[in-house]
Amino acid sequence: MSTSEKRKTVAAKSAGSDDRVSITSVRHADDELLAQLGYKSEFRREFSLLETIAFAFSIMGVVASVSSTLSFPLVSGGHVGMVFGWMIPCFFVMTIAASLAELTSAMPTSAGLYYFSAKLAPPRWAPLASWITGWANVTGQVALVCSIDFTCAQMITTALSVGSDGAINLGAGATFGILLAILFTHGIVCSAATSVLARLNIGYVIINIGTTIAAIVVLLARSGDQRVSTETAFTMFENNTGWSNNGWAFLLAFTAPMWTLTGYDSAAHISEETANAARAAPIAILVGVGATASLGWLLSIAASFATASVPDLLDTTLPLPMGQLFLNILGKNGMLAIWSLIIIVQYVTGAAQGVDASRVVFAFARDNALPGSRWWKHMHPYTRTPVNAVWLVIVLAGICGLLGFSETALSSLAGASVIGLYVSYVTPIFLRITSGRDKLVPGPFSLGKWFVPIGIIAVCWVSFIIVLLVFPPEVNPTAATMNYTVVIIMAVFVFASVSWAVSARHWFKGPVKTIEGEDGTPSDYDEKKERAQVEEESVGSH
C-alpha cells in the first residue's frame, strides 16, 4: 500500500465512519496518523469533540472579551463602532478560520501552524517559513496570555472600586501585582493533567454562554429610560480618537473583535490530546469562531442600546467602561453579581490560553527551535503535560505585563497578540494558495476549489489589519500614550532574524521527525517536498 493510501485509510479511521469503532481504536488511528506526520504520540487523548469545541470557544471568552475591550468602539465610532465595528471584521475572520480548519484537518499536530508552513513552502524555503511562523505564533500566544490576565486584573480592580463606593482605587502597581498572582495560579492550573483540563472546560462553557446571555438580557431589559432608539443604536457616530478622518477613526474599532477572535488555533495545538482529531479540531475552530462572533455581536448591540451617553462612559473613573455601564443599568449589587461571573469567565479564558501557549512552546521546542529547547520540551512523567513550557509562558507573560504601567497597555498588548497570531495564521494560508496548491493531502474537512478565493481574502485582510494595529490610538502620542505594539513585535523580529542569520539557518530544518512511518517511509508531504526539491535543482542546473 502506498503512503498516500495509508494516509487516507488512517484519516478514514479518524473520521469515525464506522460506528462500531471503539474509542481505543479511534485513538490508535489518531496516533497512527500522527506517526504519518512524523511525530510520536506523547499526550493522552482526553479531549472529545464536545470538549475540543468547548476549549476553542473558551479561549475567546466572549462576554469577558467584549467587556474588556468596549473602550475601543466607544472611542472609535461610539454606537456605530460598537455595532458595525464588531460585525465587519467577523466576516473576514471566518475566511481565516475556514482556511485553518482545512489545514488542521489535514495535519492534526500540536506543531500546528509552523508545521503547516514547513510542509507547504518550497523545499528550500521551508525551514525559514517554519521559523517565521513559529516565532510569530509564540509571540502572539504569550502576549495574549498577558493581555487576558491583565484585563482580568482590571476587572478585579473595577469590582473593588464599585464595592467600596470609590474608596478603593488601585493604581498600575497594584494591578500589576494582581496580574502576577493570576499568572501564578494559572501556572498551577495549566500544569494539571489533560483529563482535568478537558473536564473543566465543559462547566466553563455553560458559565460563559449563560453569563453572555444574561448580560444581553439585562442590558436590554433593565436599561429603561436610558435605552436609546434603534436609529441611535445603529447609526449614531462619534469620533473620540482625535484623528480628524472619521473613516480612519472607525477602523480603529476593529481592534476589539480582532483581539477577541484570537486563539482559535488552540484546536490544532491540542489535537495530539484529542480523539478523532482530524474531524474534531476543524469543527471546533469553525464552531468556536462562529459562536463567538455571533454572541459578541448580539452583546455589542445590547450595549449600544443601553449606552445613553458615550462621553459619560469614557469619562468613568473605573478601569473598564463596561463596568460603569452595568453599574448605570443594575446598580451596585446587580453590577457586582454579573461582574463576578464575568471575572470567572475571563479567569478561565486566561487558563485556557495558558494551556494553548504552553503547547505551542512545547511543540516548537520539540523541534529544537527555542533557546533551551531540551528544558521546554520535557514532559512531566505523572501529568504527561509540558510543565516546564507552562512556566516559561507564565514568566514571559509576567515580563510583558510591565506594559501595564503605560496608559495604552491594552492597546499595546492587544496589538502585539493580534499581529503575532495573525501573521502565524496567514503564513501557511499564503503558502497554501501559492507554492502549496498541490501539496495538501485533504483531511475530512476540505474547502475544495474554494480554498484559493477564501485564502486570498484572508491574506488581504490580515495584511490590512497588521498595518492598522501598529498605529497609536490617538494623534500626537507621547511616551505614555504611544502604541508599544511595534516595540514588542520588532524586539522578537530582531531576535529571531539575528538568530536565523547567525546560527539557525545552518541547523534548523523545520519540524523534526520523532518517529518513522510503520515501514520507515516519510509522509506524503515529505515525498512531495522531495520531488519539488529535485525539480528545483533540475531547473537550476539548466
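Source: prediction; values computed, not measured.

So, how was this worked out
- Residues numbered from 1 in each chain as written.
- Predicted model: local features only at pLDDT ≥ 70, side-chain atom pairs only at ≥ 80, totals over all residues.
- Heavy atoms only, no water.
- 1 Å grid on protein atoms, 1.4 Å probe; cavity = no way out; pocket = protein on both sides within 12 Å on 5 of 7 lines; lining within 4 Å.
- Points joined across faces, edges and corners; volume = space filled by probe spheres on them.
- Helix = DSSP H or I, 4+ residues; strand = E, 2+ residues; numbered from the N terminus.
- Nonpolar A, V, L, I, M, F, W, Y, C, P; charged D, E, K, R; others polar.
- Core = buried A, V, L, I, M, F, W, Y, C linked by side-chain atoms within 4.5 Å.
- Buried < 20%, exposed > 50% of the residue type's maximum accessible area, 1.4 Å probe, protein only.
- Polar contact = N/O pair within 3.5 Å; in protein donor to acceptor, adjacent residues only side chain to side chain.
- Contact = heavy atoms within 4.5 Å.
- Expected span 1.5 Å × (residues − 1).
- Salt bridge = Lys/Arg side-chain N within 4 Å of Asp/Glu carboxyl O.

Caption draft 1: Layout of the layout of surface pockets. Approximately 1000 Å³ is the volume found for the largest pocket. Lining the largest pocket we find 43 residues, and of these Ser-71, Pro-319, Glu-407, Thr-408 and Leu-410 sit closest to its centre. Mapped by element, the contributors of at least two residues to the lining of the largest pocket are helix 5 (71-75), helix 8 (126-163), helix 9 (172-190), helix 16 (310-314), helix 20 (409-433) and helix 21 (451-469). Its residues placed into classes, the lining of the largest pocket shows 20 nonpolar, 21 polar and 2 charged. The space that makes up the second largest pocket amounts to roughly 530 Å³. Together, 20 residues line the second largest pocket, and Thr-139, Val-142, Leu-396, Cys-400 and Val-492 are the ones closest to its centre. Sorting the residues of the lining of the second largest pocket by element identifies helix 8, helix 19 (387-400) and helix 22 (485-507) as the ones contributing at least two each.

Caption draft 2: Focus on the nonpolar core. Formed by 150 residues in total, the largest nonpolar core has its most connected members in Ile-96, Leu-219, Tyr-264, Met-322, Phe-326, Trp-339 and Tyr-422. Looking at which element gives the most residues to this core, the answer is helix 17 (residues 321-366), with 21 residues. Among the nonpolar cores identified, the runner-up in size contains 5 residues, and Val-83, Val-228, Ala-233 and Ile-301 belong to it.

Caption draft 3: Broad picture of the side chain of Ser-65. Its location among the elements puts Ser-65 in helix 4 (residues 62-69). Of the polar contacts made by the side chain of Ser-65, one reaches the backbone oxygen of Met-60; its length is 2.8 Å. When residues no more than four places from it in sequence are discounted, the contact partners of Ser-65 are Met-60, Trp-259, Thr-260 and Gln-346.

Caption draft 4: A look at helix 21. With 19 residues, helix 21 extends 27 Å between its outermost C-alpha atoms, agreeing within 8% with the 27 Å of an ideal straight helix rising 1.5 Å per residue. Looking at helix 21, one finds that the buried residues are Phe-451, Val-452, Gly-455, Ala-458, Val-459, Trp-461, Val-462, Ile-465, Leu-468 and Leu-469. Where helix 21 is buried, its residues touch helix 6 (79-106), helix 12 (246-251), helix 13 (255-260), helix 20 and helix 22.

Caption draft 5: Region of interest: the pattern of salt bridges. Across all of its chains, the model carries 4 salt bridges by this definition. For Arg-359, the salt bridge is made with Glu-273, and the minimal N-O distance between the two is 3.0 Å. Of the two residues, Arg-359 sits in helix 17 while Glu-273 sits in the loop between helix 14 (266-269) and helix 15 (277-306), which places them 86 residues apart along the sequence. On the basis of relative accessibility, which here comes to 1%, the residue Glu-273 falls in the buried class.

Caption draft 6: The arrangement of empty space enclosed by the protein in detail. Enumeration over the complete set of coordinates arrives at 5 cavities of 30 Å³ or more. By volume, the largest cavity amounts to about 90 Å³. Looking at the largest cavity, it is lined by 13 residues, and the ones nearest its centre are Val-66, Pro-73, Trp-86, Ala-256 and Ser-300. Counting residues per element, the lining of the largest cavity draws most heavily on helix 6, which supplies 4 residues. Here the lining of the largest cavity is composed, by residue class, of 9 nonpolar, 4 polar and no charged.

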